[in-house]
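# Understanding the architecture of this molecule
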Amino acid sequence: MNRQSNRIASIDLIRGIAIVGMVLCANIGFNSDLPAWMFHAQTPPPTYAFNPDVAGLTWVDLVFPFFLFPMGAAFPFAMRKRLEKGQSRWSVAGSLVKRWIILTLFAILLGNAYAVGNTVQPAWQVNLFKIALWAGLFFALVRVNVTGEGWKKHLGTAVNLAGIAMITVLAFIYTGHFGLALDKSASDIIIMILAVIAISGGLIWMFTKDNLRLRWLVFLLVAVFKALDSYLPQTLDFVPSCGCISWFFNWEWLQYLLIVIPGSIVGDMILKHSRSGENVMIDTKGVAAGIIAFAAMLVQLWGLFTRNVLADFIISAVLAGAFVALTWKNKNIFTRTAIIGFALMLAGIAFDPVDGGITKDYCNLSYLFTTGGMAALVTAFLLMLEIRYGVKGPFLAGVGQNPMLAYTVTNFLIGPILYLTGFMPWLMGMAVGSPFWGIIQGVLITFLMMCVTYMFTKLKLFWRS
């Protein structure tokens, strides 16, 4: 671990895994005769129609939780640094509000941009518009760190303003040439949820930064409210609801704090470890324990998808017991993270029959606990690899360091270029009815996303998010 920067590769790696999974699952061939476990459990082939009654879990359903968990883990690194530099709590809270506004506007802009593909305009115009929009977003959101006097110290602001000007011009093209109306309710729901969770989770961390027990209490309170909403919804009738704000806030989105809060606790533990200078030794038993933690995560993908829930719980409990037996005398950041993961995951499996089966949509307690625990177990496994073998995975971690750029580059840069060159229609044609080409399609596009994102990360060009 790099104790000079206190940057832990494992956090970037799991975020990178989430982004890679997100892009991969969105770009594999949907008409390639691929098995159901290659898609969301509730949108199975051949129709891919959403069915809320289908219970189960696939790797695709892990993408969002695996992004939320490291978001929580990053809170201590970002905000404690600000506080230690002398910023007041009000100043840090103001930065959270600013981040929320940026993400909310970003979500609305993306949501409206998706509609361009539904117009009657020629495809080349649509794709050029998307590329231009991505360029505008790049300049508007990129962080330009230039030191110096005179005009140099204002260069970053000038670049951001130029990007905003580009987006404004494109907005007129959007309404005038494409004939579309800007709609604040047409947003990217994933980014909108992230905006709400970023500010609420950040505020929770700030007011519990020195008291992990209090943060666990907040976690339990959120779980209680989620349980009441799920099992006794009439008891929450007193909670005010206003349709006028539903386009940017929904009480139900706060349920994802059940993944973010444990992530923030693990983040605090990791930060404390990285600053302590503690020389953690992971022996062969520790390596075996790390493999067990990763295997326990994989067991869920079998047991909960095939609906062998009882067998899944028993196997997971045995694996948890084996982990504790192997690490009983060696408590460190790796083992503590894994214990949190096992506890959450076992609770999630136990809630599966209570919830009538684990479902991502509509999201239930089984899903939140199970996937949060799985994210913690993968984080623990990555910590083991980083501590024992020095594994940092710079290529994948580089993707995780630039999440918003990575999230947009496929739809608004790589995809349009591939369409304009004629390569994408050819590739999609090859993927129809062919599992092999269906996978190749997804892997190729994902790899291109990783290369582009990594290039910008190496150039230290990060988007504000």
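All values derive from a computational prediction rather than experimental measurement.

Given 3.6 residues per helical turn, the α-helix brings residues three or four places apart onto the same face. An ideal rise of 1.5 Å per residue puts 36 Å on 25 residues; helix α3 (residues 89-113) measures up with 36 Å between its terminal C-alpha atoms. Looking only at α3, the buried set comprises Val92, Ala93, Leu96, Leu103, Thr104, Phe106, Ala107, Ile108, Leu110, Gly111, Asn112 and Ala113. Looking at the buried side of α3, the elements it contacts are α2 (63-84), α4 (123-141), α5 (155-176), α6 (189-207) and α14 (403-420).

Further remarks concern the packing of aromatic side chains. Here the structure, examined in full by the defined rule, presents 29 aromatic pairs. Plain terms: the ring middles of Phe249 and Trp251 are 5.1 Å apart, the flat faces sit at 80° to each other, and that makes the pair edge-to-face. In this structure an aromatic cluster arises from ring pairing among Phe106, Trp134, Phe138, Phe139, Phe456 and Trp463.

Before going further, it helps to examine unusual backbone geometry. A cis amide bond links Pro45 with the next residue in sequence, Pro46, at an omega value of 10°. With respect to the element layout, Pro46 can be found in the loop between α1 (9-27) and α2. A cis amide bond, omega 0°, links Asp361 with the succeeding residue Tyr362. Among the secondary structure elements, Tyr362 is positioned in the loop between α11 (333-354) and α12 (365-389). Non-glycine residue Arg307 carries a positive phi angle of around 70°.

With 135 residues, the main nonpolar core has Leu68, Trp134, Ile191, Phe342, Met449 and Trp463 as its most contacted residues. Here this core gets 15 residues from one element, more than from any other, and that element is α12. Once residues within four sequence positions are removed from consideration, Phe342 is found in contact with Ile292, Ala293, Ala296, Ser316, Leu319, Ala320, Phe323 and Leu377.

Running from N to C, α1 and α2 cross one another at 150°; their axes reach a closest spacing of 8 Å. In terms of orientation, α1 and α2 fall into the roughly antiparallel class. Pair α1 / α2 crosses with left-handed handedness. The segment α1 lies against α2, with Ile11, Ile14, Arg15, Ala18, Ile19, Gly21 and Met22 engaging Val63, Phe66, Phe67, Pro70, Ala73, Ala74 and Phe77. When its residues are assigned to classes, the contact of α1 with α2 shows 12 nonpolar, 1 polar and 1 charged.

All right, on to helix α16 (residues 435-458) then. Under the 1.5 Å per step criterion, the end-to-end length of α16 is 34 Å for 24 residues, consistent within 8% with the ideal 34 Å. Among all positions of α16, only Gly438, Gln441, Gly442, Ile445, Thr446, Met449, Met450, Val452, Thr453, Phe456 and Thr457 are buried. The secondary structure elements touched by the buried residues of α16 are α1, α4, α13 (394-400), α14 and α15 (423-431). At the exit of α16 stands Lys460, carrying a positive phi of roughly 60°.

In this section: the confidence of the model for the chain. Chain-level pLDDT for the chain is 92 on average; 97% of the residues reach the 70-or-more range. Per-residue pLDDT stays below 50 along residues 1-5; that stretch engages in 12 contacts with residues further than four places along the chain or on separate chains.

On to the environment of Trp302. Position of Trp302 among the secondary structure elements: in helix α9 (residues 284-306). For Trp302, a relative accessible area of 38% translates into the label partly exposed. Sequence spacing of Trp302 and Val222 is 80 residues, and the spatial spacing of their C-alpha atoms is 29 Å.

This part takes up a positive patch on the surface. Side chains of Lys81, Arg82, Lys85, Lys98 and Arg143 sit close together on the surface and give a patch of like positive charge. Mapped onto the elements, Arg143 comes out in the loop between α4 and α5.

Mapping Asn127 onto the fold places it in helix α4. Judged by relative accessible area, Asn127 falls into the buried class, the value being 9%.

This next bit is on the state of the cysteines. Counting across every chain of the model gives 0 disulfides. Sulfur of Cys25: no disulfide; nearest cysteine sulfur belongs to Cys363 and is 16 Å away. On the accessibility criterion, Cys25 (12% relative accessible area) is buried. Using a relative accessible area of 9% as the deciding quantity, one classes Cys363 as buried.

About the cut-offs
- Just so you know, the residues in each chain are numbered from 1, in the order the chain's sequence is written.
- In view of the model being predicted, local features appear only for residues whose pLDDT reaches at least 70, and side-chain atom pairs are presented and counted only at 80 or more, with totals across whole chains, interfaces and linings using the full set of residues.
- To get the side-chain values, all heavy atoms of the structure are used, and hydrogens and water are removed first.
- A run of DSSP states H or I qualifies as a helix once it reaches four residues; a run of E qualifies as a strand once it reaches two. Both are numbered from the N-terminal end.
- How far a helix is expected to stretch is found by multiplying one less than its residue total by 1.5 Å.
- Note on classification: 1.4 Å probe, protein chains only; a residue is buried when its accessible area is under 20% of the maximum for its type, exposed when over 50%, partly exposed between these limits.
- Two residues qualify as a contact provided that any one of their heavy atoms is within 4.5 Å of a heavy atom in the partner residue.
- Side-chain rings of Phe, Tyr and Trp, where Trp is taken by its six-membered ring, are said to pair if the distance between their centres is within 6.5 Å; with planes under 30 degrees apart they count as stacked, over 60 as edge-to-face, and otherwise as tilted.
- Only buried residues count toward a nonpolar core, which is a set of Ala, Val, Leu, Ile, Met, Phe, Trp, Tyr and Cys residues joined through side-chain atoms within 4.5 Å.
- The axes are straight lines fitted to the C-alpha atoms, using for helices just the contacting stretch, and the angles between their N-to-C directions are given from 0 to 180°.
- Angular relationships are summarised with four words: roughly parallel below 35 degrees, roughly antiparallel beyond 145, roughly perpendicular across 65 to 115, and oblique for the angles in between.
- By convention the crossing between two helices is left-handed if the near helix lies anticlockwise of the far one by an angle smaller than a right angle, and right-handed if it lies clockwise.
- Under the scheme applied, nonpolar residues are Ala, Val, Leu, Ile, Met, Phe, Trp, Tyr, Cys and Pro; charged residues are Asp, Glu, Lys and Arg; polar residues are all the others, including Gly.
- Confidence scores labelled pLDDT are given residue by residue by the predictor and lie between 0 and 100.
- Here a patch means residues that are over 30% exposed by relative accessible area and free of salt bridges, tied together within 9 Å if like-charged and within 5 Å if nonpolar (Val, Leu, Ile, Met, Phe, Trp, Tyr).
- The protein chains shown are the only cover counted for residues, whose accessible areas, like all others here, come from Shrake-Rupley with a 1.4 Å probe.
- In what follows, salt bridge is the name for a side-chain nitrogen of Lys or Arg lying within 4 Å of a carboxyl oxygen of Asp or Glu.
- By the counting rule applied here, Lys and Arg register as positive and Asp and Glu as negative, while His and the ends of each chain are not counted.
- Just so you know, the charge point we use is NZ for Lys, CZ for Arg, CG for Asp and CD for Glu.
- Counting rule for disulfides: a pair of cysteine sulfur atoms within 2.5 Å.

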